[in-house]
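Here is what each chain is made of, one letter per residue.
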Amino acid sequence: MKVIYGINKITKFSKPVVAMGVFDGVHLGHRRILKAAVGKARRIKGTSMVVTFWPDPHRENSIYSLEHRLRLMGSVGIDVCSVIKFNREFSRIPAEGFIKNILVEKIGASYIYVGRNFRFGREGRGNFKTLERLSRLHNFKLKLFDMVRSDSRPISSTYIRSLITKGRLSAAGKLLTRPVSVLGTVMRGASLATRLGFPTANINPHHEVLPPPGIYAVSVIFNNKEFKGVCYIGTKPTFRLEQQKHIEVHIFNFNKNIYGKYLEIQFVEKIRNDNKFSSQESLARQIKKDIICAKKIFSLHS
């Protein structure tokens, strides 16, 4: 998937089928829109394209960072993604101006695919009725998608975000169509786990929403290869460190220098809560038990 950053770098493509939205989580409802755009573009020998926005106009913590979303949109089959920086200047563009100047004149959209609740333009005044009127004026075809429901409840990024923060990872994964995961950069830490005999990769999750503190059995994706491990999320109460939440992963049978690299951590099952131990030795003994427990979980999932 080709990624274009910034309005000024957008160029016209052959018969673009444009899906618009933030697509945070690239969940079941989002995938319906994206797959429809891909299918339509292939049928008309055009270009499937996403126009998305960063940072999130809703100013909420993201389920997924921009990089994470781009990877998932690419995996659906989207040809091109245009990332528009959502800043004060862009937020002042009227809905009609956004469609005319960017979607029509810069991109040359043949089709525009959006969720029926999509809002755009200055103060979010643009909606599907605006798009219907402008489609007749500017001669593009519009396809609107109703919200997908699960157990009679509308699927939304906000709802999935709340499931993750409450630790309801199985329910969230069902709506995401994949395990809850975090994509982050490996950074240098204090090497406390290494001193205990369990080297870990410390992760900067780029403001992605994290599950509750605890120890988890996880799958780790690195360079398109899958590894197994245990992940810790918490404030390291045994070491009396600051209250900032940390995330780190111990990968089984792995010994590579991966500082600065991306890791995707997929949460398989929670093992236990984050607890304070009386000594580092007792913590080390518990970590050994956690690893044994994780390996049993993987044997049941294989």
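The text that follows walks through the structure, step by step, so that each part is easy to find. (Residues numbered from 1 in each chain as written. Predicted model: local features only at pLDDT ≥ 70, side-chain atom pairs only at ≥ 80, totals over all residues. Heavy atoms only, no water.)

**Considerations on the overall build of the protein chain**
Looking only at helices and strands, the protein chain features nine helices and 14 strands. Seen through its principal axes, the protein chain has C-alpha atoms that stretch 70 × 40 × 35 Å. Nonlocal contacts in the protein chain, meaning residues at least 24 apart in sequence, comprise 72% of its contacts between residues at least 6 apart. Within the structure as shown, the protein chain displays about 15,700 Å² of accessible surface, and the carbon and sulfur contribution to it stands at 48%. (Helix = DSSP H or I, 4+ residues; strand = E, 2+ residues; numbered from the N terminus. Contact = heavy atoms within 4.5 Å. Areas by Shrake-Rupley, 256 points an atom, 1.4 Å probe, with all protein chains shown as cover.)

**Section: the sheet that holds strand β14 (residues 262–272)**
With respect to topology, six strands assemble into a closed barrel ordered β9-β10-β13-β12-β11-β14, the strand pairing being antiparallel. For this sheet the average axis-to-axis angle between neighbouring strands, irrespective of direction, equals 45°. Sheet contacts for helix α9 (residues 280–301): β11 (214–222), β12 (225–234), β13 (246–251) and β14; angle to β14, the most-contacted strand, approximately 95°. (Pairing = 2+ DSSP bridges. Axes fitted to C-alpha atoms, helices over the stretch in contact; angles between N-to-C directions.)

**Observations regarding the pattern of salt bridges**
According to the stated counting rule, one finds nine salt bridges in the structure shown. Between Arg116 and Asp146 there is a salt bridge, and its shortest N-O distance comes to 2.7 Å. Here Arg116, found in the loop between β5 (111–115) and α5 (128–138), pairs with Asp146, found in the loop between β6 (141–145) and β7 (149–150); they are 30 residues apart in sequence, far enough to count as distant. Using a relative accessible area of 35% as the deciding quantity, one classes Arg116 as partly exposed. (Salt bridge = Lys/Arg side-chain N within 4 Å of Asp/Glu carboxyl O. Buried < 20%, exposed > 50% of the residue type's maximum accessible area, 1.4 Å probe, protein only.)

**A word on the packing of aromatic side chains**
Enumeration over the complete set of coordinates arrives at 11 aromatic pairs. Taking the centre distance of 5.6 Å and the plane angle of 50° together, the rings of Tyr113 and Phe145 count as tilted. Remark: Phe145 occurs in strand β6 and Tyr113 occurs in strand β5; sequence separation between them is 32 residues. There is no split in this pair, since Tyr113 and Phe145 are both buried. Plain terms: the ring middles of Phe227 and Phe254 are 5.0 Å apart, the flat faces sit at 80° to each other, and that makes the pair edge-to-face. Highlighted residues: Phe227 in strand β12 and Phe254 in the loop between β13 and β14, separated in sequence by 27 residues. Aromatic rings pair up to connect Phe53, Phe86, Phe90, Phe98, Phe118 and Phe120 into one cluster. Arg71 extends its terminal NZ or CZ atom over the ring of Tyr262, reaching a point 5.0 Å from the ring centre. (Phe/Tyr/Trp six-rings, centres within 6.5 Å; stacked < 30°, edge-to-face > 60°. Lys NZ or Arg CZ within 6 Å of the ring centre and 35° of its normal.)

**Side note on unusual backbone geometry**
Most peptide bonds take the trans configuration, and most residues that are not glycine carry a negative phi. For Asn139, which is not glycine, the phi torsion reads 65° and is therefore positive. Tracing the chain through its elements places Asn139 in the loop between α5 and β6. Judged by its relative accessible area of 70%, Asn139 falls in the exposed class. Residue Asn224 is not a glycine yet carries a positive backbone phi of 65°. A relative accessible area of 80% places Asn224 in the exposed class.

**Focus: the pairing of strand β4 (residues 80–85)**
Among the six residues in β4, five count as buried, and that is most of the element. As paired strands, strand β1 (residues 2–5) and β4 are joined by four bridges and run parallel to one another. Note on β4: the bridge partner recorded for Ile4 is Ser82. Inspection of the sheet shows strand β3 (residues 47–54) paired to β4 by six bridges, in the parallel sense. Note that in β4 the partner of Thr52 across the bridge is Val83.

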